[in-house]
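Okay, here's what each chain looks like letter by letter:
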Amino acid sequence: VISQVRKLVSVDRGADDTLPDQLSFLPDFYQHLRTERLTPEERDLTCLACEAAVTAVIDLFFVGVDPEDIESALEGICTLFGITTQDVCHGGIYNYGPIIEFVVKNKTPRITAGEVCAAVLGKGCGAWEDINAWTVDLPEPKPEVENPVAPPDGTPVKKILHITDLHLDLTYTVGNNAECELPMCCGNTSGIAPNQDSAAGYWGSYLCDVPQWTFKHILEHIKEAHEDELDYIMLTGDFPAHDVWLQSKEHNLATARTVMDYVKEVFPDTQVFPSLGNHEPFPCNILPGTTAGVDATWNPDWLLSELGEYYSAWLPEEQLTTFKENAAYSYQYRPGF
């Protein structure tokens, strides 16, 4: 199995190569990623195949194979293993290939297949004990448990609007297929629905992310029902849709701009405290902790400076400066709070 998998990952893989019979269960596994559903033999084979494939990829980077050839090889095995569709494989590898190369070539000590597969597949695979061998020191002694006590009658009350994980789909198209074979449907890559039952509805569909007009309508309803009671708004990120294989820096910024423009339009006089989610960066989840010492390729200034401009309507200069440097800030809205 190891030699067969390594051959499949190689840049000279044949067009007619197929998945080994012992791994024929993998396409079904990748639809749920639940290792507990596998037999013990299947779990062992999954881990073995993962380590063989990742080792082969790491080797390709270090022997100097052209990154584009490596990406092409990964696209083939992504499709062959049934991980997802060809288009999603292509977009995902194109977007994440450069950061994978950076991590492989720069991590010290060198990253191993055992670590990668343990992180992906969990307990029992690869170096799962090593990557989980860490502790957090807590201060002593542990404080006594105190039962909560309700505040007395007449205590001042504040109402806060918390908006998070909107995942707006700027390409949402009414009538497109809401039951496509992609990880996310209803967008401009889903195609027209084959029938009315599977068509994307005007206000949204269960298997899709949210159309922008639905978000605006939600804001307008909240304003009508609660505006006089709102003390401030917390806007805590995750604005872009889940179409991570289609995204770009421009796409993610456009989604963030859309969200904040709607908030400013509907609540022009309400204090807003915005922050990042894991979907604002590009690629998704990839964000250095600071702009200091990060080379131009991965410096998050493209995101933090632009968002800082959007945030300037709500935050003082001191907080904006801190945010642009560290992607975070602290702010005392009022004494004691």
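Counting of residues starts from 1 at the beginning of each chain's written sequence and follows it residue by residue. For a predicted model such as this one, the threshold for reporting local features is a pLDDT of at least 70, and the threshold for listing and counting side-chain atom pairs is 80 or more; totals across whole chains, interfaces and linings nevertheless cover every residue. Side-chain numbers come from the whole structure's heavy atoms, not from hydrogens or water.

1. Considering the sheet that holds strand S3 (residues 272-274)
Part 1 of the reasoning: In this description, strands pair whenever DSSP reports at least two bridges between them. Numbering of helices and strands runs from the N terminus, with a helix taken as a DSSP run of H or I at least four residues long and a strand as a DSSP run of E at least two residues long. The strand order across the open sheet built from 3 strands is S1-S2-S3, with neighbouring strands paired in parallel fashion. Taken across any chain shown, the strands that pair with only one partner, and hence form the sheet edges, are strand S1 (159-163) and S3. This sheet shows a mean twist of 15° between the axes of neighbouring strands, independent of strand direction.
Part 2 of the reasoning: Pairing between S1 and strand S2 (residues 230-235): 5 bridges, direction parallel. Residue pairing for S2: His162 is matched across the bridge by Met234.
Part 3 of the reasoning: Here a residue-residue contact requires only that any non-hydrogen atoms of the pair lie within 4.5 Å. Inter-axis angles, ranging from 0 to 180 degrees, are taken between N-to-C directions of lines fitted to C-alpha atoms, where helices are fitted over the stretch in contact. Helix H8 (residues 212-226) contacts S1 and S2 of the sheet and is inclined by roughly 175° relative to S1.

2. Structural notes on the packing of aromatic side chains
Part 1 of the reasoning: By convention, a stacked pair of Phe, Tyr or Trp rings (six-membered ring in the case of Trp) has centres within 6.5 Å and planes under 30 degrees apart, an edge-to-face pair has planes over 60 apart, and any other such pair is tilted. By the definition in use, this model includes 11 aromatic pairs.
Part 2 of the reasoning: Ring centres of Phe273 and Tyr333 lie 5.3 Å apart, and the angle between their planes is 85°; this geometry places the pair in the edge-to-face category. In this pair, Phe273 is assigned in strand S3 and Tyr333 in the segment after helix H11 (317-326), connecting sequence segments 60 residues apart.
Part 3 of the reasoning: The rings of Tyr172, Tyr202, Trp203 and Trp213 are connected pair by pair, giving a single aromatic cluster.
Part 4 of the reasoning: As a reminder, the over-ring test applies to NZ of lysine and CZ of arginine, requiring each to be within 6 Å of the ring centre and within 35 degrees of the ring normal. Directly above the aromatic system of Trp314 lies the positively charged group of Lys264, at a separation of 5.3 Å from the ring centroid.

3. Describing the state of the cysteines
Part 1 of the reasoning: Any cysteine sulfur atom paired with another within 2.5 Å is treated as part of a disulfide. If you walk through the whole model with that rule in mind, you get 5 disulfides.
Part 2 of the reasoning: In this model, Cys180 is linked to Cys185 through a disulfide, with the two sulfur atoms separated by 2.1 Å. Residues Cys180 and Cys185 are joined through a disulfide that is left-handed, its torsion about the S-S bond being -100°. Of the two residues examined, Cys180 and Cys185, each falls in the buried class.
Part 3 of the reasoning: The cystine pairing of the protein chain, numbering bonded cysteines in sequence order, is 1-6, 2-5, 3-4, 7-8, 9-10.
Part 4 of the reasoning: No disulfide involves Cys284; its sulfur sits 16 Å from that of Cys78, the nearest cysteine. Exposure categories follow from relative accessible area, calculated using a 1.4 Å probe and restricted to protein chains: below 20% of the type maximum is buried, above 50% is exposed, and the middle band is partly exposed.

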